[in-house]
Amino acid sequence: MLYIFLLLFSLSAQADWRSISASDFSLPPPPMVGSPEDIQDLEGVLRAQAERGRRDCDFGKEHFEFNFESLYSGVLRPGEIQKAAPLIDDLFEITGRIHGEFKSRYRRNRPFVADSRVKPCLNRPGNYSYPSGHALFGMASSCILERIFPAKYQLLREHGKMIGDYRVGIGVHYPQDVEAGQRIGQQLCEKLFKDPQFRQEIEAIKLK
C-alpha cells in the first residue's frame, strides 16, 4: 500500500507542471481597435513589411510547420531534437493551451484582416492574433533548451526570439502580439524552473 501511495503521489507531482494554463498568468488586453496604440502597432507591421528581406520569408518557409522539430531544425541536430522531444512536446501543448485561451478571450484580428495593405508572404493563419503562439513557444522553449544544451546557449536564445520576431515581418502578427507572447513565454520558463519535478526531468534529459 505504501508503494502504491508513493507511486500515485509521484505521478500526481509529475503532472503538476503540465497542467499550467492561461489562468496562471496575467496579460492585459491588446490596444482597442482604432486607438492611437492600435494605429501605431499597425504602422509597425507596415514598416516591418517594407523593410523585410528574403530572410524573413525564407525563415518562415524553412520552419513552416508549427512544431518543435520544424522550428528547431538546423539549430539542433536530429539526435538532440529526439533527446529533448518528450519534454518539449509537452511544453508545446502547454503553450498552445495558454495562447489559445488568451486569443479566444481577446479576439484580436490579424493585421492582414484589419488592413488590406498588409500582405503576408506566407500562409494566412485563420485564428486570432494576440498573443503570438510562435513567440510564446519560441521564448519558453529556447529558455529551457539552453539549459539542456548549454554549449548552444547563445544560438538557442537568438533563435527562440527569432521564432516570434519574424512573424511581424511576414505580416501575420502585430509587434505587441509578439511582445506579449515573449513575455508570457519567459514567465512560463521561470515558473517551470521553480517546479522541483520539472527540474528533475531536465536533469534526467541532460544525463541521457
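Our subject in this report is the structure included herewith.

Rules used throughout
Residues numbered from 1 in each chain as written. Predicted model: local features only at pLDDT ≥ 70, side-chain atom pairs only at ≥ 80, totals over all residues. Heavy atoms only, no water. Helix = DSSP H or I, 4+ residues; strand = E, 2+ residues; numbered from the N terminus. Rg over C-alpha atoms; globule rule 2.2 N^0.38 Å. Buried < 20%, exposed > 50% of the residue type's maximum accessible area, 1.4 Å probe, protein only. Contact = heavy atoms within 4.5 Å. Lys, Arg positive; Asp, Glu negative; His and termini not counted. Charge placed at Lys NZ, Arg CZ, Asp CG, Glu CD. Salt bridge = Lys/Arg side-chain N within 4 Å of Asp/Glu carboxyl O.

Moving on, we come to the overall build of the protein. The secondary structure content of the protein amounts to ten helices and zero strands. Reading the protein from its N end, one meets helices and strands in the order α-α-α-α-α-α-α-α-α-α. Here the C-alpha radius of gyration of the protein, 18 Å, is about what a compact globule of 208 residues would show, namely 17 Å. C-alpha atoms of the protein, sized along the principal axes, occupy 65 × 35 × 25 Å. Counting every position in the protein, which comprises 208 residues, the buried fraction comes to 50%. In the protein, the proportion of contacts linking residues at least 24 apart, taken out of those at least 6 apart, comes to 81%. Across the protein, the centroid of the 28 positively charged side chains sits 1 Å from that of the 27 negatively charged ones.

Next up on the list: unusual backbone geometry. The linkage connecting Tyr-130 with the following residue, Pro-131, adopts the cis geometry, with an omega of 0°. Along the chain, Pro-131 falls in the loop between α6 (111–114) and α7 (133–148). The phi dihedral of Arg-107 is positive, around 50°, even though this residue is not glycine. Positionally, Arg-107 belongs in the loop between α5 (78–106) and α6. Arg-107 sits in the exposed class, given a relative accessible area of 54%.

This part takes up the pattern of salt bridges. Throughout the structure, instances matching the rule amount to eleven salt bridges. Here Asp-41 makes a salt bridge to Arg-108, at a shortest N to O gap of 3.0 Å. You can see Asp-41 sitting in helix α2 (residues 36–51) and its partner Arg-108 sitting in the loop between α5 and α6, a full 67 residues away along the chain. This pair shows no difference in class: Asp-41 is buried, exactly as Arg-108 is. In this structure, a network of salt bridges that share partners links the residues Asp-38, Asp-41, Arg-108 and Asp-177.

The subject of this paragraph is the environment of Phe-149. With respect to the helices and strands, the residue Phe-149 is situated in the loop between α7 and α8 (153–169). It is 7.9 Å that separates the C-alpha atoms of Phe-149 and Lys-206, two residues lying 57 residues apart in sequence. If near-sequence neighbours (up to four positions away) are discounted, Phe-149 is found in contact with Leu-76, Glu-80, Lys-83, Ala-84 and Leu-156.

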